[in-house]
Amino acid sequence: MIRWGIIGAGKIAERFAKSLQHEAYSELYAVSCRTLQKAQDFADKYHACIAYGNYKQLLEDHHVDAVYITLPHGFHYLWSIEALKHHKAVLVEKPAGINAIEIEGIQEVQKEYPQLWMEAMKTRFTPLYQKVKQLIDEDTIGSIVSMQATLNTNQPIDKISGTYLSNPVYGGALLDCGCYCATWITDYLTGRVRIDRVDADIQDGYDLHTIAQMHIGDTQVVLETAMNQPEKKEIIIQGTKGSIKVQDLHRPTHAEIVMDGQSQQIDCPYVVDDFYGEIHHFVQLLQQGKQDSDVMSIEDSHKTAMLLDRIKDASTPDPIEI
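Structural notes, computed from the coordinates. (Residues numbered from 1 in each chain as written. Predicted model: local features only at pLDDT ≥ 70, side-chain atom pairs only at ≥ 80, totals over all residues. Heavy atoms only, no water.)

## Concerning the sheet that holds strand 2 (residues 26-32)
Phase 1 of the analysis: Pairing within the open sheet is parallel, and its 6 strands lie in the order 3-2-1-4-5-6. This sheet does not close on itself; its edge strands, each paired only once, are strand 3 (50-52) and strand 6 (117-120). Each strand axis lies, on average, 25° off the axis of its neighbour in the sheet, ignoring direction.
Phase 2 of the analysis: Here strand 1 (residues 2-7) pairs with strand 2 via 6 bridges, running parallel. Bridge assignment links Arg3 to a residue of strand 2, and that residue is Glu27. (Pairing = 2+ DSSP bridges. Helix = DSSP H or I, 4+ residues; strand = E, 2+ residues; numbered from the N terminus. Axes fitted to C-alpha atoms, helices over the stretch in contact; angles between N-to-C directions.)

## Topic: the sheet that holds strand 7 (residues 144-154)
Phase 1 of the analysis: As summarised here, the arrangement of the 8 strands in space is 8-9-10-7-11-12-13-14, forming an open sheet in which the pairing is mixed. With partners counted over all chains shown, the strands left at the sheet margins are strand 8 (193-203) and strand 14 (262-267), one partner each. Ignoring strand direction, the axes of neighbouring strands in this sheet form an average angle of 15°.
Phase 2 of the analysis: Here strand 7 pairs with strand 10 (residues 219-226) via 7 bridges, running parallel. Looking at the pairing, Met147 lines up with Val221 of strand 10.
Phase 3 of the analysis: In this fold helix 9 (residues 178-188) packs onto strand 7, strand 9 (206-216), strand 10, strand 11 (228-239) and strand 12 (242-247), with an angle of close to 165° to the strand it touches most, strand 7.
Phase 4 of the analysis: On top of the sheet, helix 11 (residues 298-314) reaches strand 8, strand 9 and strand 10; it is set at about 65° to strand 8, its chief contact. (Contact = heavy atoms within 4.5 Å.)

## Side note on unusual backbone geometry
Phase 1 of the analysis: For the bond running from Lys94 to Pro95, omega is -15°, close enough to zero to count as cis.
Phase 2 of the analysis: With respect to the helices and strands, the residue Pro95 is situated in the loop between strand 5 (89-93) and helix 5 (100-112).
Phase 3 of the analysis: With a phi close to 65°, His87 is a non-glycine residue in the positive phi region.
Phase 4 of the analysis: On the secondary structure map, His87 appears in the loop between helix 4 (76-85) and strand 5.

## Observations concerning the pattern of salt bridges
Phase 1 of the analysis: Here the structure, examined in full by the defined rule, presents 16 salt bridges.
Phase 2 of the analysis: In this structure, the salt-bridge partner of Glu108 is Lys111, at a minimum N-O distance of 3.1 Å. Taken together, the residues Glu108 and Lys111, both in helix 5 and 3 residues apart, mark about one turn of the helix.
Phase 3 of the analysis: What makes Glu108 partly exposed here is its relative accessible area of 49%.
Phase 4 of the analysis: Lys111 sits in the exposed class, given a relative accessible area of 62%.
Phase 5 of the analysis: Notably, a salt bridge pairs Arg194 with Asp196, separated by 2.7 Å at the nearest N-O pair.
Phase 6 of the analysis: A relative accessible area of 46% places Arg194 in the partly exposed class.
Phase 7 of the analysis: Classification of Asp196 as partly exposed rests on a relative accessible area of 37%.
Phase 8 of the analysis: Each of the salt bridges in this network shares a partner with another, and the network as a whole consists of Arg15, Lys122, Arg251 and Asp274. (Salt bridge = Lys/Arg side-chain N within 4 Å of Asp/Glu carboxyl O. Buried < 20%, exposed > 50% of the residue type's maximum accessible area, 1.4 Å probe, protein only.)

## Describing the packing of aromatic side chains
Phase 1 of the analysis: Applying the stated criterion across every chain, the model contains 9 aromatic pairs.
Phase 2 of the analysis: Ring geometry for Phe42 against Tyr46: centres 4.9 Å apart, planes inclined by 45°, an arrangement best described as tilted. Linking Phe42 with Tyr46, this pair stays in helix 2 (residues 36-46), spanning 4 residues, or about one helical turn. An identical accessibility class is assigned to Phe42 and Tyr46; each is buried.
Phase 3 of the analysis: Grouped by ring-pair contacts, the aromatic residues Trp4, Phe16, Tyr68 and Phe282 constitute a single cluster. (Phe/Tyr/Trp six-rings, centres within 6.5 Å; stacked < 30°, edge-to-face > 60°.)

## Thoughts on the packing of helix 5 against helix 11
The relative placement of two packed helices is expressed as an angle between their axes plus a distance between the axes.
Phase 1 of the analysis: In the contact formed by helix 5 and helix 11, the axes pass within 8 Å of each other and the chain directions differ by 160°. Regarding the angle of helix 5 to helix 11, the classification is roughly antiparallel. Here helix 5 runs over helix 11; the crossing is left-handed. Taking contact as the criterion, the partners of Ala100, Ile103, Glu104, Ile106, Gln107 and Gln110 in helix 5 are, on helix 11, Ile298, Glu299, Ser301, His302, Ala305, Met306 and Asp309.
Phase 2 of the analysis: Partitioning the contact of helix 5 with helix 11 into residue classes produces 6 nonpolar, 4 polar and 3 charged. (Parallel < 35°, antiparallel > 145°, perpendicular 65-115°, else oblique. Left-handed = near helix turned anticlockwise from the far one by under 90°. Nonpolar A, V, L, I, M, F, W, Y, C, P; charged D, E, K, R; others polar.)

Have a look at this one:
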């Protein structure tokens, strides 16, 4: 039985705990939060054995086999490293690091403390994502000539202000939502990245809306992400033989394939929910004694972080015109 500890007791942790209940050979053993009362309330609700009001106390508990880290983005790197040093397997929420340097730091620590570490990029573990990957690997739509990934949400500014999303170091739309777009792009495209244009609506040091136009190798790519725009969540992959359009690219269940003017709909529902695929995969890796994933490797996390770094470096402080 794999005994899990959760670091951070927010809404995402609740969704994880609900999904974990469906995974055989796993149990929620411990939960930690900044306040013991909140941790205890979470533990009572999801039947954890013990609650801690301190993250390090959880890591020092020798009964914990694996930890799920769901803290604000700026703390993923620190607590990934602390968990590895305490010989815990680590599943850490996206983005695993706020830049590529942090992922490289985790890679170095993992060499000294060899434990399983994986970014919880749940998208890659959904049945729909895996079906699309299979179709592309089988050359169904031919060679990819363009990709357009968009993940726009519309959130009131007063709800963003004062949260980690408004932090000028680890907040903003690009890091929070753009990583979902980037994980599609980096999974399919290799080659030199050329940033053609980046327009960003930056306020108080964080981006509300970013549009990046680029080439990866010979492939045209557009990545758009926002917290203040009408909702739009899709990726369009254009090939030499046809195209695939995926709705809700961050947790997809539906796609449309167009070939020779003919449209085909594909529906792939979740197994349990959108969290379960990554949990089940991680547990399998842990049972097999693996230290890395063949679906979302630490190098995959590094590639995604590098792409976001390039976009962020090319961002301008001038608001974009819509």
